[in-house]
Structures are given as structure tokens and as C-alpha cells.
Amino acid sequence: MPVTIKSAREIELMRAAGKILGKVHQDLGKALKPGMTTLEIDRMCEDMIRSCGCIPSFKNYQGFPASVCVSINEEVVHGIPSPKRVLKEGDIVSLDIGVIYKGYHSDAARTHGIGDIPKNARLLIRRTRESFFAGMKNATAGRYLHQISAAVYDYARGHGYGVVRDLVGHGIGKHLHEEPEVPNFRKLTRGIRLLHGMTLAVEPMINEGTWKVGWRKNGWTVVTCDRRLSAHYENTILITNGRPEILTITEDEVARGIWKPGGNA
Ligand code: MG
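In what follows, the accompanying structure is described. None of the values given here were measured: they were computed from a predicted structure. (Residues numbered from 1 in each chain as written. Predicted model: local features only at pLDDT ≥ 70, side-chain atom pairs only at ≥ 80, totals over all residues. Heavy atoms only, no water.)

This brings us to the overall build of the protein chain. Along the protein chain, the regular secondary structure elements total five helices and 15 strands. For a compact globule of 265 residues, the expected C-alpha radius of gyration is about 18 Å, and the protein chain comes in at 17 Å, within 12% of that figure. Based on the C-alpha atoms only, the size of the protein chain along its principal axes is roughly 45 × 40 × 35 Å. Evaluated residue by residue, the protein chain yields a buried proportion of 57% over its 265 residues. Of the contacts formed within the protein chain by residues at least 6 apart in sequence, a portion of 69% connects residues at least 24 apart. If you sum the accessible surface of the protein chain, you get close to 11,500 Å²; carbon and sulfur atoms cover 52% of it. When the 37 positive and 28 negative side-chain charges of the protein chain are each reduced to one mean point, those points stand 4 Å apart. (Helix = DSSP H or I, 4+ residues; strand = E, 2+ residues; numbered from the N terminus. Rg over C-alpha atoms; globule rule 2.2 N^0.38 Å. Buried < 20%, exposed > 50% of the residue type's maximum accessible area, 1.4 Å probe, protein only. Contact = heavy atoms within 4.5 Å. Areas by Shrake-Rupley, 256 points an atom, 1.4 Å probe, with all protein chains shown as cover. Lys, Arg positive; Asp, Glu negative; His and termini not counted. Charge placed at Lys NZ, Arg CZ, Asp CG, Glu CD.)

If you want it as C-alpha cells, here you go:
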């Protein structure tokens, strides 16, 4: 399947899908507390998505049983919600969520600390987010896809972290996963040329220790091989001729100055 360029109408729908997902992330992130089960998080998430008139992208996707991937501590991605899994003070929890609005997907992930978390965990979460924004400096029409990848990688490696290679970001639109793949590591090739109207899910998965990962017996959940922490930060973005539009940014992040929308050349 070729890389799709979205029409003005499609971009409007993806903006709407992204805005809803930003709000779901913001509200769900605030609801997390010690003692909650990961299944409760899933129930809340699905209710929020459906009350906005959307469909959870992940539910039943290739057999995934839930609306949100909840990955705790050494889990990188694809944690399956369970009534037996309880959040504890000091955990870090990655929530990865997709929504479908009028046939168009948005996809985003955030990692949260539960109560007081150690300094190393706080730093990992922050630098994972910052690696995404390092990539955004190259997410402009006319540049090449792997310039995004290289910037994410260099930022994370510069802080001594392991960058996951087994999973990558992706194009997004009518389908959750479209072409192209968006790696978070340096490639020898430059990748496709970025064009206005491309929509991508850029999603660094950054480990405190080794970049190497394995799979749990459930066939879904990815964990770090050394069982040290992992964080995930993802947004759906629109490539423009200037700065990218980050469709799934949250209002809180804008208020905190993490990203200043607008100002496209
Ligand atoms: Mg994704």
C-alpha cells in the first residue's frame, strides 16, 4: 500500500480524532491512582471513547482484547488489562490508545508515574517525551522520514538510553497502521520524502537499560530483556510545509509549554 496523502476533508476528520484522543489521555492520566486495576483503566477508557461517539481502534485489532494497552515498568508496550494487575505507588504506566472518528484513526501514548516515583523514572519519562520532540524538528515537508528517526535516536542515545528496534511507528489514517514504517533508530537509508498531508504516528519506546526486548507468554506484551524500566510517548502528527501539527497533543501539554501549536510557515 502506498503512503497516503490526506485531503483537506480527511485532515479535518483526523484533527477531530486527534483532539478527542488528547482529551481521553488527559482525563485518563489524571484518574490513575494506586490500587486501581488495569482492567478498571480499560473500562474507563472505553467509556470515555464511546461517549465521544468514537470506537476504540485497538479493541479486537488482531485479537487484542481491550481498548487500551497498559504497560507497567519493564513492560514496553501491549500490556493487556487484567483484574489481577494493580497499580502501586512508584510504578510507571504507559497508556497507548487509538480512537476511530468517522472512519479515521488517531493513535497516541503517554507514560505516567503513580504517586511518588524515583528520579530515574521521572527522567526516563521526560526524556522519552523529549526524544519525540527532537524528532519533530525534522518532521517537515521536504525532509526525509529517517531524519525524524535519527533525531529521536540521537537524543535518547545521548542520554544513555536503549532505543527499542523491534517495534516502530507508522502511517495512520483510514487504517490504524499504514505505510510507511517510522523507526526510532538511525537507518542507512534516508526513507521517503515527507510531503504536506502525510499523517504519521511517531512513537519512541525508550528503555533505561538495554534496547533488547522479548515477548511475554501471552504473545502480546513486550518487556525489556534486563527488566529495567521502559517509557513510551506517541502522537499522531500531520506533516505540513512548516512545523508539524501534533493532532493528539493534550491541552495540559500546551498549557505547560511542552508544545506551542501553530506558527506554521
Ligand atoms: Mg502507534
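Still to come is the rest of the account.
The next thing to look at is the packing of helix α3 (residues 119-136) against helix α4 (residues 145-158). Here α3 crosses α4 at 145°, and the two axes come no closer than 7 Å. The chirality of how α3 crosses α4 is right-handed. Across the interface between the two elements, Arg127, Glu130, Ser131, Ala134 and Gly135 from α3 touch Ile148, Ala151, Val152, Tyr155 and Ala156 from α4. (Axes fitted to C-alpha atoms, helices over the stretch in contact; angles between N-to-C directions. Left-handed = near helix turned anticlockwise from the far one by under 90°.)

Moving on to the nonpolar core. Of all hydrophobic cores here, the largest spans 36 residues; its most connected members are Val24, Ile41, Leu87, Leu95 and Ile97. Residue assignment for this core shows that the elements contributing at least two residues are α1 (8-31), α2 (38-51), β2 (68-72), β4 (92-101) and β5 (104-113). Not counting residues within four places of it along the chain, the set of residues in contact with Val24 comprises Cys45, Met48, Ile49 and Ile97. By size, the runner-up hydrophobic cluster in this structure holds 20 residues, among which are Val152, Val182, Tyr233 and Trp259. (Core = buried A, V, L, I, M, F, W, Y, C linked by side-chain atoms within 4.5 Å.)

The subject of this paragraph is the sheet that holds strand β3 (residues 75-77). For sheets, the rule is that strands pair by backbone hydrogen bonds, running either parallel or antiparallel. Pairing within the open sheet is antiparallel, and its three strands lie in the order β3-β12-β11. Here the strands that pair on one side only, and so sit at the sheet edges, are β3 and β11 (213-215). On average, adjacent strands in this sheet sit at an angle of 40° to one another, irrespective of strand direction. As defined by bridge partners, β3 adjoins strand β12 (residues 222-224) across two bridges and the pair is classed as antiparallel. The partner of Glu75 across the bridge, within β12, is Val223. (Pairing = 2+ DSSP bridges.)

Now for the pairing of strand β8 (residues 178-182). The sheet contact formed by strand β7 (residues 169-171) and β8 spans three bridges and is antiparallel. Each bridged residue has a counterpart across the sheet, and for Gly171 the counterpart in β8 is Glu178.

This part is about the pattern of salt bridges. Per the counting criterion, the structure on display carries 15 salt bridges. A salt bridge links Glu75 to Arg216; the nearest nitrogen and oxygen atoms lie 2.4 Å apart. With a gap of 141 residues between them, Glu75 in strand β3 and Arg216 in the loop between β11 and β12 connect regions that are remote in the sequence. The residue Asp91 makes a salt bridge to Lys88 at a minimum N-O spacing of 3.3 Å. Residue Asp91 is classed as buried on the basis of its relative accessible area of 3%. Because the salt bridges share partners, they merge into one network encompassing Glu74, Glu75, Arg85 and Arg216. (Salt bridge = Lys/Arg side-chain N within 4 Å of Asp/Glu carboxyl O.)

Burial analysis of β2 places five of its five residues in the buried class, which makes it a mostly covered element. With burial as the criterion, each face of β2 is covered, one bearing Val68, Val70 and Ile72 and the other bearing Cys69 and Ser71. The pairing of β2 with β4 spans five bridges and is antiparallel. Paired with Ser71 across the strands is Ser94, a residue of β4.

The protein atoms donating to the magnesium ion are Asp107 (OD), His170 (NE2), Glu203 (OE) and Glu234 (OE), with metal-donor distances spanning 2.2 to 2.4 Å. On the primary sequence, the residues serving as donors to the magnesium ion are separated as D-x62-H-x32-E-x30-E. Taken together, the positions of His170 in strand β7 and Glu234 in the loop between β13 (230-232) and β14 (235-238) put the pair 64 residues apart, joining distant regions of the chain. The buried category is assigned to Glu234, whose relative accessible area is 0%. (Donors = N, O, S within 2.8 Å, 3.2 Å for Na, K, Ca; no water.)

Strand order in this open sheet of three strands is β6-β10-β13, and the pairing throughout is antiparallel. For this open sheet the edge positions go to β6 (162-163) and β13, each flanked by a neighbour on one side alone. In the packing of α3 onto the sheet, contacts are made with β10 (205-207) and β13, and the angle to β13 comes to roughly 40°.

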